[in-house]
Amino acid sequence: MLAPTHNAVRDKENVVRLAGLLDVRSVGDVRQEINHLIDNSEGDVIVDLEALDALDATGLGLLVATHRRTQLLGRQLVLRHPLPSVIRILAVTRLHRILNVERTPLPISA
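All of these numbers come straight from a predicted model, not from anything done at the bench. Numbers given for residues are sequential positions, taken from 1 along each chain in its written order. This being a predicted model, a pLDDT of at least 70 is required before a residue's local features are given, and a value of 80 or more before pairs of side-chain atoms are given or counted; all residues contribute to the totals for chains, interfaces and linings. Calculated side-chain values reflect all of the structure's heavy atoms, with hydrogen atoms and water omitted.

### Quick word on helix H3 (residues 84-92)
The cut-off we apply is this: Only protein chains enter the accessibility calculation, which uses a 1.4 Å probe; a residue whose area is less than 20% of its type maximum is buried, one above 50% is exposed, and one in between is partly exposed. Elements are defined by DSSP. Helices are runs of H or I of four residues or more, strands are runs of E of two residues or more, and each kind is numbered from the N terminus. Of all possible arcs, the one meant is that of the directions from the helix axis to the C-beta atoms. The criterion used for residue contact is that any of the two residues' heavy atoms lie within 4.5 Å.
Every buried residue belonging to H3 is among Val-86, Ile-87 and Leu-90, and all of these are buried. Projected down its long axis, H3 carries its buried residues within an arc of 100°, all on one side. For H3, exposure combined with an orientation more than 90 degrees from the buried face picks out Pro-84, Arg-88 and Val-92. Check the buried side of H3 and you find it contacts strand S3 (45-55), helix H2 (57-72), strand S4 (77-80) and strand S5 (100-102).

Okay, structure coming up:
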């Protein structure tokens, strides 16, 4: 049995947690979940990417469209805790300069 390519879970504090892959097959469901959150909440919209393994151009397009929509509403999209693989994609596409990315702090070693 194949695992789903994505998992979008919304919690109480305007957070959508993504897991797996954000690609052409999963972006429709994720878009619907994020739009529902935007329509039924106030304040910043947080997308937790801690469990997101990878995303394709369609997933990037969803993040950019969500960023634009939240800006038009006077709100902010925050991408929280992306994995290094996702950070690389954002850096290569230079979207890290446009999108608000909260990285996981590196542990301090003695």
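### With respect to H2
Heads up, the rule is: A helix is expected to span 1.5 Å for every residue after the first. Under the rule applied, a polar contact is a pair of N or O atoms within 3.5 Å (in protein, one hydrogen donor and one hydrogen acceptor; residues adjacent in sequence only if both atoms are side-chain atoms).
The first and last C-alpha atoms of H2 sit 23 Å apart over 16 residues, in line with the 22 Å expected at 1.5 Å per residue. Residues of H2 that are buried make contact with strand S2 (15-22), helix H1 (27-39), S3, S4 and H3. A side-chain oxygen of the first residue of H2 lies 3.0 Å from the backbone nitrogen of Thr-58; this N-cap is Asp-56. Of the residues one or two after H2, Gly-74 is the one with positive phi, at around 75°.

### Quick look at the pattern of salt bridges
The following threshold applies: One side-chain nitrogen of Lys or Arg within 4 Å of one carboxyl oxygen of Asp or Glu is enough to make a salt bridge.
Tallied over the full model, the rule gives four salt bridges. We note a salt bridge from Arg-17 to Asp-48, for which the minimum N-O separation is 2.9 Å. Taken together, the residues Arg-17 in strand S2 and Asp-48 in strand S3 connect sequence positions 31 residues apart. In this structure, the salt-bridge partner of Glu-102 is Arg-80, at a minimum N-O distance of 3.3 Å.

### Thoughts on the environment of Leu-52
By secondary structure assignment, the location of Leu-52 is in strand S3. Remark: the alpha-carbon pair of Leu-52 and Leu-22, spanning 30 residues in sequence, is separated by 7.4 Å. Those residues in contact with Leu-52, other than ones at most four positions away along the chain, are Leu-18, Ala-19, Gly-20, Leu-21, Leu-22, Leu-83 and Val-86.

### Quick look at the pairing of S3
Each regular strand carries side chains that alternate between the two faces of the sheet. The following threshold applies: By the convention used here, strands pair only if DSSP detects at least 2 bridges between them. When the strands point away from the viewer and the connection leading from the first strand across the helix to the second strand turns clockwise, the crossover is called right-handed.
Pairing of S2 with S3, which is carried by seven bridges, proceeds in the parallel orientation. Directly across from Leu-21, in S3, lies its bridge partner Ala-54. Handedness of the crossover is the feature at issue here: the chain leaves S2, passes through H1, returns alongside S3, and the resulting connection is right-handed. When S3 meets S4, the two strands line up parallel, connected through four bridges. Across the sheet, residue Val-47 finds its bridge partner in S4, namely Leu-79.

### Description of the environment of Ser-41
Among the structural elements, Ser-41 can be located in the loop between H1 and S3. Taking the C-alpha atoms as reference points, Ser-41 and Glu-13, 28 residues apart in sequence, are found 9.0 Å from one another. Engagement of the side chain of Ser-41 in a polar contact is seen with the side chain of Asn-14, the distance being 3.5 Å.

### What about the pairing of S4?
By the alternation rule, side chains of S4 split into Leu-77 and Leu-79 and Val-78 and Arg-80, which are all buried. Here S4 pairs with S5 via three bridges, running parallel. Within S5, the residue paired with Val-78 across the bridge is Asn-100.

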